[in-house]
Amino acid sequence: MTPESNQIEVRNRQRKWPLNKAMIEEIAAWVSVSLFKDLETDISIQFLSPGRMASINQEYLGHEGPTDVITFDLCDDPALRMTGEILICPEVAASQSEEFGTTWQEETVRYVIHGLLHLKGFDDLEPEKRRIMKQHENRWVEKAKAGFDLSEAGTVSGS
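Residues numbered from 1 in each chain as written. Predicted model: local features only at pLDDT ≥ 70, side-chain atom pairs only at ≥ 80, totals over all residues. Heavy atoms only, no water.

Chemist: What is the right way to look at unusual backbone geometry in this model?
Modeler: What is expected of a backbone is that most residues other than glycine have negative phi and most peptide bonds are trans. Phi is positive for Lys37, close to 40 degrees, though the residue is something other than glycine. If you trace the backbone, Lys37 turns up in the loop between helix 1 (21-36) and strand 2 (40-47). Taking relative accessible area as the criterion, Lys37 reaches 55% and is therefore assigned exposed. (Helix = DSSP H or I, 4+ residues; strand = E, 2+ residues; numbered from the N terminus. Buried < 20%, exposed > 50% of the residue type's maximum accessible area, 1.4 Å probe, protein only.)

Written out as structure tokens, the structure is:
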């Protein structure tokens, strides 16, 4: 797969949490090449403030308040191309990281992977499907931790 056929765009649309966009793009590209094999990909990952995330959560999902990650599958022909948008709230990642004993950077990378798994077709609405998705998510997070210094995902370099 050529780099031109695997497009990952990261945009930081919030100011509180510094992000290393280059590293996040690299991790997302690394996961997506494996998940989507020979498909072309055009994936946008946007990091949003809690207020903006809450607005989108209410508008599209009918849920109140900010959430960790929202994924939109924008694919017309999944046999040829994967197109999608992943929205992530680093503020929620920071809150969740305290609850789960991780760092906000690791939790943010987890949400990138979670969004990519949704684009691959994984679902977490039913308990059994959630369990299967969580197994894949945990496996990818462990691989990411082995291959990248995830603490660097929250630095200003590459932003």
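There is more to say after this.
Chemist: Can you help me understand the sheet that holds strand 1 (residues 6-12) in this one?
Modeler: Within a beta sheet, neighbouring strands are joined by backbone hydrogen bonds and run either parallel or antiparallel to one another. Spatially, four strands are ordered 1-2-4-3 in an open sheet, and the strand pairing comes out mixed. The open sheet has two free edges, formed respectively by strand 1 and strand 3 (69-73), since each of these has just one partner strand. Shown here is a sheet whose adjacent strand axes are inclined to one another by a mean of 15 degrees, direction ignored. Note: strand 2 against strand 4 (residues 81-88), eight bridges, orientation parallel. (Pairing = 2+ DSSP bridges. Axes fitted to C-alpha atoms, helices over the stretch in contact; angles between N-to-C directions.)

Chemist: Please explain the packing of aromatic side chains as it appears in this structure.
Modeler: For the coordinates displayed, the defined rule picks out four aromatic pairs. Between the aromatic rings of Trp17 and Trp104, the centroid separation amounts to 5.0 Å while the plane-to-plane angle is 55 degrees, which identifies the pairing as tilted. Of the two residues, Trp17 sits in the loop between strand 1 and helix 1 while Trp104 sits in helix 4 (residues 104-120), which places them 87 residues apart along the sequence. The same class applies to Trp17 as to Trp104, namely buried. Arranged with centres 5.5 Å apart and planes meeting at 65 degrees, the rings of Trp30 and Phe148 form a pair that is edge-to-face. (Phe/Tyr/Trp six-rings, centres within 6.5 Å; stacked < 30°, edge-to-face > 60°.)

Chemist: Honestly, the layout of surface pockets in this entry has me stumped. Any pointers?
Modeler: If a probe the size of a water molecule is rolled over the atoms, the empty space left behind becomes visible. Considering only enclosed or pocket space, the largest pocket measures out at about 630 Å³ in volume. Along the walls of the largest pocket sit 27 residues, with Asp68, Val69, His114, His118 and Asp124 positioned nearest its centre. Every element with two or more residues in the lining of the largest pocket is listed here: helix 2 (50-61), strand 3, helix 3 (90-100), helix 4 and helix 5 (127-147). Top element by residues in the lining of the largest pocket is helix 4. It accounts for five residues. (1 Å grid on protein atoms, 1.4 Å probe; cavity = no way out; pocket = protein on both sides within 12 Å on 5 of 7 lines; lining within 4 Å. Points joined across faces, edges and corners; volume = space filled by probe spheres on them.)

Chemist: Sorry if this is basic, but what is going on with helix 3 here?
Modeler: Because an α-helix completes one turn every 3.6 residues, residues spaced three or four positions apart along the sequence face the same direction. Looking at helix 3, one finds that the buried residues are Pro90, Val92, Ala93, Ala94 and Ser97. Contacts from the buried residues of helix 3 go to strand 2, strand 4 and helix 4. Following helix 3 by one or two positions, Gly101 adopts a phi angle in the positive range, close to 70 degrees. (Contact = heavy atoms within 4.5 Å.)

Chemist: What's the story with the nonpolar core in this structure? I'm lost.
Modeler: One recurring pattern in soluble globular proteins: nonpolar side chains tend to sit buried together. Ranked by internal contacts, the top residues of the largest apolar core, which has 37 residues, are Ile43, Ile45 and Leu116. Taken together, the elements giving at least two residues each to this core come down to strand 1, helix 1, strand 2, strand 4, helix 3, helix 4 and helix 5. For this core, the element with the most residues is helix 4, which contributes eight residues. Core analysis: the second largest hydrophobic core is formed by seven residues, Leu48, Met53, Ile56 and Val92 among them. (Core = buried A, V, L, I, M, F, W, Y, C linked by side-chain atoms within 4.5 Å.)

Chemist: Sorry, what's going on with the side chain of Ser44 here?
Modeler: Here Ser44 is to be found in strand 2. Judged by relative accessible area, which is 13%, Ser44 ranks as buried. Setting aside chain neighbours within four positions, we find Ser44 in contact with Glu9, Gly84, Glu85 and Ile86.

Chemist: How should I be thinking about the environment of Ile8 in this particular structure?
Modeler: Secondary-structure assignment places Ile8 in strand 1. The exposure class of Ile8 is buried, given its relative accessible area of 13%. Note: C-alpha distance between Ile8 and Leu117 (109 residues apart in sequence) is 15 Å. Other than its neighbours up to four places away in sequence, Ile8 contacts Glu25, Ala28, Ala29, Ser32, Ile43 and Ile45.

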